[in-house]
Amino acid sequence: GVGAEEAAAPANAILDTEASHRDLSATCKAWGGFQVLQKLQQGAQPLCSGASSVKAYSATLTNRERPFQMVLLQNASFTSNGIGAACVPNESYLKNRPTILTGSQYVSTRLFEAIQLQEPQRVCANPSGVLLLVSANDYWNWWWFLVQLQNAFIALAVVQPELDPGPRTIMFLEKDNREDQATYGRSAKQPLPFRELYFHLFAAQNTPDIRWFVNPSLAFGCYRSIVFLRNAESGSPILKNTAHPFASCFSPVITALVAYIKASVNLPSIAPPATPTVCWMSRDENVRPEYTVWQKARTIKDQAGLVSELDKLAATRGARVMQLAFYGNHSSVSISEQLHRASRCSLITGMHGAGLYAAVAMKAPAILEFTTQRIPNRNAYNLMSHIGGCYQGMEIVAKDKVNGTLNPLQVWPKVVQALEKCGVIAPAAAAQEHRGG
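Fair warning: this is a prediction, and the values are worked out from it, not measured in the lab.

Chemist: I would appreciate a short explanation of the overall build of the protein chain in the present structure.
Modeler: Within the protein chain, the secondary structure is distributed over 14 helices and 17 strands. Counting across all 437 residues of the protein chain, residues that qualify as buried make up 54%. A separation threshold of at least 6 residues defines the contact pool for the protein chain, and within that pool the share at least 24 residues apart is 76%. About 18,400 Å² of surface is accessible on the protein chain, with carbon and sulfur atoms providing 52% of the total.

Written as structure tokens, this is what we have:
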């Protein structure tokens, strides 16, 4: 398995995994493609019928995984009292309501516990359009945001044939706990940028940003369809942050999602940069009180100086090194701008962290991930596998750090090795032979 192979790798050695990153077997394509949609469709349970209808979708896609769930209501109302559906519940509804129609604790206690099953004759007047209820609660961390987008993308793909072609309204049910907070180097007034991508992907650009957690008394009338999109607590069908049997599989679903994301922000499909460009994804250099031990261990000082020295070394191979910064006061950079900046990179590198996953914007995604110790997290490896990218991993040892920063003379050979293995530059011997010929 993946975990066993990586555990056997010697310390401070490149984890040579790029050969396994394009597993296109039928089993892989089924797991990361139609099988996900098929299982969710097969797991649909009608819960009540009448002038309205409620259908719950639930599927356990892997062992030891919480079931992936969503709810579709037709001809239903959203009012200050909750959701109204004019239908008669069946035995399945009465039996499964506590597990199927609840979201996270915040949502379940304030919204879905308030579902009103009305008499069939009380029909919702003139229903139209689609209301998307989004219970995602992370609009800052690239990894968990991608997981949430994946869930919404899959859910809407399954129910799309049943949705009204009319306008879509998006309502955000939960608050990111970093919003309106001065934390992680951010000021309390800085917006979290990722929420906007829901509008790019799933609604018109002029759709109002409706936040139910700000004003739960909002009333919105009748909808042809209401789709409840669960958050990451519902389980993640494909994107996982640990080793698993399908970690090296190419996924048509995740590849389609990434293509959709890039198209939604008008990111052209362009060739990689003419000059090989290494992008160092910066992290906060300050050790803040709220940081965990693991966050503190990944703190690198003087990253601007490191990038400057690496850029001088890169010139010897016809490459360049630039810095990306989306942390702290930089975290309010729009997601569109983050994607566009990342698209100019040939290789994104840095300490293990969610910012690396902006690599989804690249024409040929490639990540070199540094860690200070062996960790179970396989976010970067798994993501690159699923979209046919290239992943290289390197463990930092004592000799690589000097005065709290990395020694560029130790880092650069590892960057070169990753550039060569990911096909960004030719190996030195081959390049010399080409020049000589």
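Chemist: Is there a simple way to explain the nonpolar core in this structure?
Modeler: One broad rule of soluble globular proteins: the nonpolar side chains tend to lie buried together. By size, the foremost hydrophobic cluster in this structure holds 106 residues, and its most contacted members are Trp-142, Tyr-198 and Tyr-357. In terms of residues, this core owes the most to one element, helix α6 (residues 142-159), which gives 13 residues. Apart from the residues within four sequence positions on either side, Trp-142 is in contact with Phe-194, Ile-335, Gln-338, Leu-339, Ala-354, Gly-355, Tyr-357, Ala-358 and Val-360. Judged by nonpolar contacts, the second largest core, of 20 residues, contains Cys-48, Ile-83, Leu-133 and Leu-173.

Chemist: Looking at this structure, how should I read the layout of surface pockets?
Modeler: Empty pockets left among the atoms are what a rolling probe the size of a water molecule brings to light. In this structure, the largest pocket spans a volume of roughly 750 Å³. Along the walls of the largest pocket sit 33 residues, with Trp-140, Asn-141, Arg-283, Gly-353 and Ala-354 positioned nearest its centre. When residues of the lining of the largest pocket are traced back to their parent elements, those giving at least two are α6 and α9 (293-297). Across the lining of the largest pocket, the residue classes break down as 16 nonpolar, 13 polar and four charged.

Chemist: Explain the pattern of salt bridges here, please?
Modeler: A pair can form between side chains of opposite charge whenever their charged atoms are brought close. Tallied over the full model, the rule gives six salt bridges. Of the charged contacts, one joins Asp-209 and Arg-211 as a salt bridge, the two residues approaching to 2.8 Å between their closest N and O atoms. Arg-341 is the partner of Glu-337 in a salt bridge, and the nearest nitrogen-oxygen pair spans 2.9 Å. You can see Glu-337 and its partner Arg-341 sitting in helix α11 (residues 335-342), four residues apart, about one turn around the helix. Residue classification places Glu-337 among the partly exposed positions, given a relative accessible area of 30%. Take Arg-341: its relative accessible area is 29%, and that puts it in the partly exposed class.

Chemist: Sorry if this is basic, but what is going on with empty space enclosed by the protein here?
Modeler: Applying the stated rule across the entire model yields five cavities of 30 Å³ or more. Of the pockets and cavities examined, the second largest cavity occupies roughly 40 Å³. Lining the second largest cavity are Val-278, Trp-280, Leu-310, Val-321, Thr-349, Phe-370, Val-411, Trp-412 and Val-415. Contributions of two or more residues to the lining of the second largest cavity are made by β11 (277-281) and α13 (408-421). Of the residues forming the lining of the second largest cavity, the biggest block, three residues, is contributed by α13.

Chemist: Got a minute to help me understand the sheet that holds strand β12 (residues 320-324) in this structure?
Modeler: Backbone-to-backbone hydrogen bonds join strands into a sheet, with any given pair of strands oriented parallel or antiparallel. Spatial ordering of the open sheet is given by β12-β11-β13-β14-β15, a layout of five strands whose pairing is parallel. At either end of the open sheet lies a strand with only one pairing partner, and these are β12 and β15 (390-395). The sheet shows a mean angle of 20° between the axes of neighbouring strands, direction not considered. The pairing of β11 with β12 spans five bridges and is parallel. Bridged to Val-278 within β12 is Val-321.

Chemist: Help me understand unusual backbone geometry in this model?
Modeler: Positive phi, close to 55°, is recorded for Asn-266, a residue that is not glycine. Along the chain, Asn-266 turns up in the loop between α8 (252-264) and β11. We classify Asn-266 as exposed; its relative accessible area is 66%. Backbone geometry at Asp-302 places phi at a positive 45°, although glycine is not the residue there. With relative accessibility at 45%, the residue Asp-302 sits in the partly exposed group.

Chemist: Explain the state of the cysteines here, please?
Modeler: Counted under the stated rule, the structure contains three disulfides. Note that Cys-28 is cross-linked by a disulfide to Cys-249, the S-S spacing being 1.9 Å. Disulfide Cys-28 to Cys-249: torsion about the S-S bond roughly -65°, handedness left-handed. Taken together, the residues span a long stretch of sequence, with Cys-28 in helix α2 (residues 26-31) and Cys-249 in the loop between β10 (221-229) and α8 at a distance of 221 residues. Taking the relative accessible area as the measure of exposure, Cys-28 reaches 4% and is therefore buried. What pairs with Cys-279 in a disulfide is Cys-345, and their sulfur atoms sit 2.0 Å apart.

What counts, and at which threshold
- Residues numbered from 1 in each chain as written.
- Predicted model: local features only at pLDDT ≥ 70, side-chain atom pairs only at ≥ 80, totals over all residues.
- Heavy atoms only, no water.
- Helix = DSSP H or I, 4+ residues; strand = E, 2+ residues; numbered from the N terminus.
- Buried < 20%, exposed > 50% of the residue type's maximum accessible area, 1.4 Å probe, protein only.
- Contact = heavy atoms within 4.5 Å.
- Areas by Shrake-Rupley, 256 points an atom, 1.4 Å probe, with all protein chains shown as cover.
- Core = buried A, V, L, I, M, F, W, Y, C linked by side-chain atoms within 4.5 Å.
- 1 Å grid on protein atoms, 1.4 Å probe; cavity = no way out; pocket = protein on both sides within 12 Å on 5 of 7 lines; lining within 4 Å.
- Points joined across faces, edges and corners; volume = space filled by probe spheres on them.
- Nonpolar A, V, L, I, M, F, W, Y, C, P; charged D, E, K, R; others polar.
- Salt bridge = Lys/Arg side-chain N within 4 Å of Asp/Glu carboxyl O.
- Pairing = 2+ DSSP bridges.
- Axes fitted to C-alpha atoms, helices over the stretch in contact; angles between N-to-C directions.
- Disulfide = S-S within 2.5 Å.

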